[in-house]
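An overview of the molecular structure
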Amino acid sequence: MSTIVCFGEALIDFLAAPEGGQGRVFRQFAGGAPANAAVAIARLGGDCEFVGMLGRDMFGDFLLDSLHESGVGTQFVRRTDRANTALAFVSLDARGERSFSFYRPPAADLLFAQSDFADACFRDLGIFHVCSNSMTDARIAETTLSGLQRARAAGALTSIDVNLRPALWPDGKPVVERLWQALALADMVKLAREELEFLQQGSASADAVIERMLRDARLVLVTDGAEPIRWHTRVAHGILPTQAVTAIDTTAAGDAFIGGLLCGLQRDGIDTARFDGFLADTNALQRALRYAAACGAFAVTRHGSFASLPTHEEALALLATP
């Protein structure tokens, strides 16, 4: 079985508990979008490595232990004492929708350089997955683009979850041109409706943005919370409903979704050579997306990031729910 590599940030989510008489209390959870995706894959039975930089601090220790306990490979993780592990303070509204306050930069994950990639990371590589949080400054963006290029050269599929967090970018303004550099190296793109709207930049239509992505990508997925998923290939498109659940915390839903999709591709032996055939089989594609949607739906029914992600059996049980 070829390996999935998830590259980027791992951080601590401090989730706000309901306020009581002694002030607000925050509970510590392991998180970070690529790390969440890696844990989702491992929990579902997939073979996955997380690649990134952690601080030599108590939070880096906690993240490394959490990845180990979840079954994620960490042989390519690097540690540094030049910056601390990133933190995110998370509050939830009545619908479980979250808002973030980030303590990054500075942060250890931003210090991962091109030279920190081990050559072995790209051997027996099936899928290389990233998100835009490792595009927020020039140096880490160069590292991310280098990883995507090396993955393609190794014959792997490449995956990007846009996962846009403007607060992580200088002055709160994502660099659109930099995002498109990464999108041009992706075989699969997953983005939320509001991220698609951002890429429209107030002028281009949604269809025009998706068409531009499909010049390079072979699959584009647009999610919208509990609303149906929109999928697009170069020759077809469609919509797929999601499972109805009661959401209490939406923090890792998108990561659970992409983890479910990537694990399903790995389980079915879908590689670069077989990917177009898979996409041409609408029934196979929709089965994979229904499984991924079940993973995402399950995640919103629990608090936390790593802690919310389903096993294969839990995803199948939700998928079987009328």
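Anything mentioned here points back to the structure above.
Residues numbered from 1 in each chain as written. Predicted model: local features only at pLDDT ≥ 70, side-chain atom pairs only at ≥ 80, totals over all residues. Heavy atoms only, no water.

1. Topic: the overall build of the chain
Tallying secondary structure elements over the chain gives ten helices and 14 strands in all. For the chain, the C-alpha radius of gyration of 18 Å lies close to 20 Å, the compact-globule estimate for 322 residues. Put simply, the chain has 322 residues, and 58% of those count as buried. A separation threshold of at least 6 residues defines the contact pool for the chain, and within that pool the share at least 24 residues apart is 72%. (Helix = DSSP H or I, 4+ residues; strand = E, 2+ residues; numbered from the N terminus. Rg over C-alpha atoms; globule rule 2.2 N^0.38 Å. Buried < 20%, exposed > 50% of the residue type's maximum accessible area, 1.4 Å probe, protein only. Contact = heavy atoms within 4.5 Å.)

2. Details of the pairing of strand S4 (residues 48-51)
Both faces of S4 are covered, namely the face carrying Cys48 and Phe50 and the face carrying Glu49 and Val51. Bridging between strand S1 (residues 3-7) and S4 involves four bridges; their strand directions are parallel. Counted as the bridge partner of Val5 is Glu49 from S4. (Pairing = 2+ DSSP bridges.)

3. Description of the side chain of Asp116
Looking at the secondary structure, you find Asp116 in the loop between strand S8 (98-103) and strand S9 (125-131). Leaving out residues up to four positions away in the same chain, Asp116 has contacts with Met53, Arg78 and Leu111.

4. Thoughts on helix H6 (residues 206-213)
Among the residues of H6, Ala206, Val209, Ile210 and Met213 are the ones counted as buried. All buried residues of H6 lie within an arc of 95 degrees about the axis, which places them on one face of the element. Residues of H6 that are exposed and point more than 90 degrees away from the buried face comprise Asp207 and Glu211. Tucked inside the fold, the buried residues of H6 contact helix H4 (176-183), strand S11 (188-192), helix H5 (193-200), strand S12 (219-224) and strand S13 (227-233). (Arc of directions from axis to C-beta.)

5. Describing H5
Within H5, burial applies to Glu195, Leu196, Leu199 and Gln200. Across the axial projection of H5, the buried residues extend over an arc of 150 degrees, all falling on one side. Once H5 finishes, Gln201 follows within two positions and takes phi at roughly 55 degrees, a positive value.

6. Here's the deal with unusual backbone geometry
Note that the residue after Arg104, namely Pro105, is joined by a cis bond; omega there is -5 degrees. If you trace the backbone, Pro105 turns up in the loop between S8 and S9. A cis geometry characterises the amide bond from Pro105 onward to Pro106, with omega recorded as -5 degrees. Here Pro106 lies in the loop between S8 and S9. Phi at Asp171 is positive, roughly 60 degrees, even though this residue is not glycine. For Asp171, the location among the structural elements is in the loop between strand S10 (157-161) and H4.

7. Points about the side chain of Thr80
Structurally, Thr80 is set in strand S6 (residues 78-80). With a relative accessible area of 5%, Thr80 lands in the buried category. Those residues in contact with Thr80 that lie beyond four places of it in its chain are Met53, Leu54, Gly55, Arg56, Ala108 and Leu111.

8. A short note on the sheet that holds S4
Strand order across the open sheet formed by eight strands is S4-S1-S9-S10-S11-S12-S13-S14, with mixed pairing between neighbours. Edge positions in the sheet fall to S4 and strand S14 (237-240), since each of these pairs with one other strand and no more. Looking at each pair of strands side by side, their axes are set apart by 15 degrees on average, direction ignored. Taken together, the five bridges between S11 and S12 define a ladder with parallel strand orientation. Paired with Ala192 across the two strands is Thr223, which belongs to S12. Against the sheet, helix H3 (residues 138-153) contacts S1, S9 and S10, and its axis sits at roughly 160 degrees relative to S9. (Axes fitted to C-alpha atoms, helices over the stretch in contact; angles between N-to-C directions.)

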